[in-house]
Amino acid sequence: MEDDNKENEQQINVELSEEMAEGVYSNLAMIAHSNSEFILDFIRLMPGVPRAKVKARIIITPEHAKRLIAALKDNINKYEDQYGPIHSTQDNEPTFNFPISFGGPGGEA
């Protein structure tokens, strides 16, 4: 029975270019949504610079957004099991009020 499950599993080969493997640093995320998609903008905000730049925009379906949340929760739990709790500095950070609208209900991260 276990062998049948292994045969039914589909493997996906994921290609990662050198450029993409370097990654992009982001210290702010903005999230918006419509009835059919979630838009995640990853932004780099630099101290003393009045303009922040969107470094990556990812558009996903609501179902994939839910899967992303589950995967993040799982990875955060594993991280905290290994390294200890992640302390939030949210209370010490300034509040940002961005006048950005994607045409749908606003989100936050």
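Residues numbered from 1 in each chain as written. Predicted model: local features only at pLDDT ≥ 70, side-chain atom pairs only at ≥ 80, totals over all residues. Heavy atoms only, no water.

The name given to the protein in an unreviewed UniProt entry is DUF3467 domain-containing protein, with Dyadobacter helix as the source organism.

What follows deals with the overall build of the protein. Of the regular secondary structure elements, the protein holds three helices and three strands. Ordered by position in the sequence, the α and β elements of the protein form the string α-α-β-β-β-α. Split into buried and exposed, the 109 residues of the protein put 10% on the buried side. In the protein, the share of contacts with a sequence separation of at least 24, taken over all contacts with a separation of at least 6, comes to 32%. Here the protein displays about 10,200 Å² of accessible surface, and carbon together with sulfur accounts for 51% of that area. (Helix = DSSP H or I, 4+ residues; strand = E, 2+ residues; numbered from the N terminus. Buried < 20%, exposed > 50% of the residue type's maximum accessible area, 1.4 Å probe, protein only. Contact = heavy atoms within 4.5 Å. Areas by Shrake-Rupley, 256 points an atom, 1.4 Å probe, with all protein chains shown as cover.)

The sheet contact formed by strand β1 (residues 28-33) and strand β2 (residues 38-44) spans six bridges and is antiparallel. Within the sheet, the bridge partner assigned to L28 lies in β2 and is I43. The turn joining β1 and β2, which pair antiparallel and follow one another in sequence, is formed by four residues. (Pairing = 2+ DSSP bridges.)

It is worth spelling out the packing of aromatic side chains at this point. Enumeration according to the criterion identifies one aromatic pair in this entry. For the pair Y79 and Y83, a centre-to-centre distance of 4.9 Å together with 45 degrees between the ring planes defines the contact as tilted. Placement of both Y79 and Y83 in helix α3 (residues 62-83) is noted, with a separation of four residues, approximately one turn of the helix. By relative accessible area, which is 42% here, Y79 ends up partly exposed. Judged by relative accessible area, Y83 falls into the exposed class, the value being 56%. (Phe/Tyr/Trp six-rings, centres within 6.5 Å; stacked < 30°, edge-to-face > 60°.)

Overall, the prediction assigns the protein a mean pLDDT of 85, with 74% of residues at 70 or greater. Per-element mean pLDDT across the protein ranges from 60 in helix α1 (residues 2-8) up to 98 in α3. (pLDDT = per-residue confidence, 0-100.)

The end-to-end C-alpha distance of α3 is 31 Å, a good match for the 32 Å that 22 residues give at a rise of 1.5 Å each. Residue G84 follows α3 closely and has a positive phi angle near 100 degrees. (Expected span 1.5 Å × (residues − 1).)

Here we take up the side chain of D41. Along the chain, the position of D41 falls in strand β2. At 2.6 Å, the side chain of D41 forms a polar contact with the side chain of R57. (Polar contact = N/O pair within 3.5 Å; in protein donor to acceptor, adjacent residues only side chain to side chain.)

Reading across from one edge, β1-β2-β3 is the order of the three strands in this open sheet, with antiparallel pairing throughout. The open sheet has two free edges, formed respectively by β1 and β3 (53-60), since each of these has just one partner strand. Sheet twist, expressed as the average angle between the axes of neighbouring strands with direction ignored, equals 20 degrees. Across the face of the sheet, α3 comes into contact with β2 and β3 while running at roughly 110 degrees to β3. (Axes fitted to C-alpha atoms, helices over the stretch in contact; angles between N-to-C directions.)

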